[in-house]
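Breakdown of the fold
Take a look at the letters that make up each chain.
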Amino acid sequence: MLVLNATYEPVNVCTVRRAVVLLLKEKAELIERAERELHSACTTIARPVVIRLISYVRIPRDTHRRKITRRAVFARDDWTCQYCGSRTQLTVDHVVPRSKGGTSTWDNIVASCAPCNRRKGDALPRQAGMRLLKPPRTPSPHVFIHVASPTIPAAWRQYLAA
Ligand SMILES: [Zn+2]
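Given the structure is predicted, the values throughout are model-derived calculations rather than measurements.

Turning to the coordination of the zinc ion, a few remarks are in order. Angles between donor atoms at a metal ideally measure 109.5 degrees for a four-coordinate tetrahedral arrangement and either 90 or 180 degrees for a six-coordinate octahedral one. All of the protein donors around the zinc ion are Cys 81 (SG), Cys 84 (SG), Cys 113 (SG) and Cys 116 (SG); their distances to the metal are 2.3 Å. Mapped onto the sequence, the residues coordinating the zinc ion show the spacing C-x2-C-x28-C-x2-C. Across this residue pair, the class does not change: Cys 113 and Cys 116 are buried.

One can read the domain layout of the chain as domain 1 (2-59) and domain 2 (61-120). Averaged C-alpha coordinates put domain 1 and domain 2 at centres separated by 34 Å.

Moving on, we get to the packing of aromatic side chains. For the structure on display, the rule yields 2 aromatic pairs. Measuring from ring centre to ring centre gives 5.4 Å for Phe 74 and Trp 79, while their planes differ by 55 degrees; the resulting arrangement is tilted. Classification of Phe 74 as buried rests on a relative accessible area of 6%. Judged by relative accessible area, Trp 79 falls into the partly exposed class, the value being 37%. Ring geometry for Trp 106 and Phe 144: centres 6.0 Å apart, planes at 80 degrees, overall edge-to-face. You can see Trp 106 sitting in the loop between strand 5 (90-94) and strand 6 (109-113) and its partner Phe 144 sitting in helix 5 (residues 141-148), a full 38 residues away along the chain. Take Trp 106 and Phe 144: they sit in the same class, and that class is buried.

Calculation notes
- Residues numbered from 1 in each chain as written.
- Predicted model: local features only at pLDDT ≥ 70, side-chain atom pairs only at ≥ 80, totals over all residues.
- Heavy atoms only, no water.
- Donors = N, O, S within 2.8 Å, 3.2 Å for Na, K, Ca; no water.
- Buried < 20%, exposed > 50% of the residue type's maximum accessible area, 1.4 Å probe, protein only.
- Domains from an automatic or database assignment.
- Phe/Tyr/Trp six-rings, centres within 6.5 Å; stacked < 30°, edge-to-face > 60°.
- Helix = DSSP H or I, 4+ residues; strand = E, 2+ residues; numbered from the N terminus.

As structure tokens, this is what we get:
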């Protein structure tokens, strides 16, 4: 289920169960429903596809910081080596190597193809004569939505377009 903030900005993806709980507690409203319904012993409710939180939720930067995964790094970097633009043999590279005090944070991790990663080795990009295509940043919630749900349902698209 796609969860929108009160402002209609996409926040994240949640399970049907979680969405139903938010709806029943009136913490969210149903924006898009599926044709299929959910049945329980005593009620039938619409199966949510997109819900919107009633009150605005401030998205802490920390939630993104915790979720540094290979897939999220590749998705942020558009599955492209950030040194040469190659789309094959992707690995994750610490821009400032860990041996030189580099941290495992969004601004120090990029997608790199294996040949670039080998060429750079334990050096700084500058020392290896390499440059980043763009400075790495904490990705927007959209990246995590794409990672959580590789196939984006048609009903979500209009909300993710912005
Ligand atoms: Zn490369």
